[in-house]
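The lines below spell out each chain.
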Amino acid sequence: MHISCIRKLHFCSGHRVRGHENKCANLHGHNYQIELEAESILTTEELDTVGRVVDFSVIKATYDPWIQREWDHGFILNKEDTEAINRISGFAVGPKQTQKIFLLDSNPTAENLGVFLLTHHLFVQALAQYGVRIKSVVVHETPNCSSTVTR
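Residues numbered from 1 in each chain as written. Predicted model: local features only at pLDDT ≥ 70, side-chain atom pairs only at ≥ 80, totals over all residues. Heavy atoms only, no water.

Peer 1: Even after reading the chapter, I still don't get the layout of surface pockets, so can you show me in this structure?
Peer 2: A probe as big as a water molecule, rolled over the atoms, marks out the empty space that is left. Within this model, the largest pocket holds a volume of roughly 160 Å³. In terms of lining residues, the largest pocket is bounded by His15, Val17, His20, Cys24, Thr109, Ala110, Glu111, Glu141, Cys145, Ser146 and Ser147. For the lining of the largest pocket, the secondary-structure elements that each account for two or more residues are helix H3 (110-119) and strand E6 (145-150). Among the elements that take part in the lining of the largest pocket, E6 stands out by supplying 3 residues, more than any other. (1 Å grid on protein atoms, 1.4 Å probe; cavity = no way out; pocket = protein on both sides within 12 Å on 5 of 7 lines; lining within 4 Å. Points joined across faces, edges and corners; volume = space filled by probe spheres on them. Helix = DSSP H or I, 4+ residues; strand = E, 2+ residues; numbered from the N terminus.)

Peer 1: I keep staring at the environment of Arg52 and nothing clicks. Help me out?
Peer 2: Among the structural elements, Arg52 can be located in the loop between strand E2 (28-40) and helix H1 (56-70). Linking Arg52 and Ser4, residues 48 residues apart in sequence, is a C-alpha distance of 8.8 Å. A polar contact is formed between the side chain of Arg52 and the side chain of Asp55, at a distance of 3.2 Å. (Polar contact = N/O pair within 3.5 Å; in protein donor to acceptor, adjacent residues only side chain to side chain.)

Peer 1: Would you explain the packing of aromatic side chains in this entry?
Peer 2: In this description, an aromatic ring pair is defined by two values, namely the gap between the centres and the angle between the planes. One pass over the full model with this rule turns up 10 aromatic pairs. Between Trp66 and Phe123, the aromatic rings sit 5.5 Å apart at their centres with planes inclined by 90 degrees, giving edge-to-face as the arrangement. With Trp66 in helix H1 and Phe123 in helix H4 (residues 121-128), this pair connects stretches of sequence that are 57 residues apart. What makes Trp66 buried here is its relative accessible area of 8%. Aromatic side chains Phe102 and Phe116 sit 5.7 Å apart centroid to centroid with 80 degrees between the ring planes, which places their arrangement in the edge-to-face category. (Phe/Tyr/Trp six-rings, centres within 6.5 Å; stacked < 30°, edge-to-face > 60°. Buried < 20%, exposed > 50% of the residue type's maximum accessible area, 1.4 Å probe, protein only.)

Peer 1: Would you take a moment to explain the packing of H1 against H4 for this structure?
Peer 2: Between two packed helices, both the angle of their axes relative to each other and the distance between the axes serve to describe the pair. Contact geometry for H1 and H4: axes closest at 10 Å, N-to-C directions at 155 degrees. In this view, H1 runs roughly antiparallel relative to H4, as classed from their interaxial angle. For the pair H1 and H4, the sense of crossing is right-handed. Contacts between H1 and H4 pair Val58, Thr62, Tyr63 and Trp66 from the former with Leu122, Phe123, Ala126 and Leu127 from the latter. Split by residue class, the contact of H1 with H4 holds 7 nonpolar, 1 polar and no charged. (Axes fitted to C-alpha atoms, helices over the stretch in contact; angles between N-to-C directions. Parallel < 35°, antiparallel > 145°, perpendicular 65-115°, else oblique. Left-handed = near helix turned anticlockwise from the far one by under 90°. Contact = heavy atoms within 4.5 Å. Nonpolar A, V, L, I, M, F, W, Y, C, P; charged D, E, K, R; others polar.)

Peer 1: Can you help me understand the sheet that holds E2 in this one?
Peer 2: Remark on secondary structure: sheet strands pair via backbone hydrogen bonds, oriented parallel or antiparallel. With respect to topology, 6 strands assemble into an open sheet ordered E4-E3-E1-E2-E5-E6, the strand pairing being mixed. Both edges of this open sheet fall to strand E4 (101-104) and E6, since each of them pairs with a single strand only. Within this sheet the neighbouring strands show an average axis-to-axis angle of 35 degrees, counted without direction. Relative to strand E3 (residues 74-78), strand E1 (residues 4-15) runs parallel, the two being bridged by 3 bridges. Across the sheet, residue Ser13 finds its bridge partner in E3, namely Gly74. (Pairing = 2+ DSSP bridges.)

Peer 1: Looking at this structure, I do not really get the pattern of salt bridges. What am I missing?
Peer 2: Opposite charge on two side chains permits them to pair, given that their charged atoms come into close proximity. Tallying each qualifying case throughout the model produces 9 salt bridges. Measuring nitrogen to oxygen at the nearest pair gives 3.4 Å for the salt bridge that ties Glu83 to Arg16. Of this pair, Glu83 sits in helix H2 (residues 82-89) while Arg16 sits in the loop between E1 and E2; the two residues are 67 residues apart in sequence, bridging distant segments of the chain. With its nearest N and O atoms 3.2 Å apart, the salt bridge here joins Glu70 to Arg69. Here the residues in one salt-bridge network are Arg16, Asp81, Glu83 and Arg87, joined through shared partners. (Salt bridge = Lys/Arg side-chain N within 4 Å of Asp/Glu carboxyl O.)

Structure, rendered in structure tokens:
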């Protein structure tokens, strides 16, 4: 038997898929839902003394503050997409107003966002202290379109 647990999180963000052959080549946004599936990395027991893989709040506390700070209500862009970066930066009005932009090493597709959330050392190290890791990440761009990345 193998036991895992899933925590869902939500955020809103804009992106553009550089080089896309259709309408996703334009700046647009999504109400994302992500599903983070956690599993034990301990070799002896899959459940803690309470009977859980990990408390759901641990997964939320590991991911949600970062997601809210870096991705929510901002734009996630490929770091090489200078056209989109310049356009969004041009929306700033006044000396202190800027647009939130997160630059990814690759296109901000659901697949690449999932890979980032699964493998980023910040999250891996934070969860390891609880004896768990994320086994899979499902990124829903829309209710009908999602991507799954599995370890």
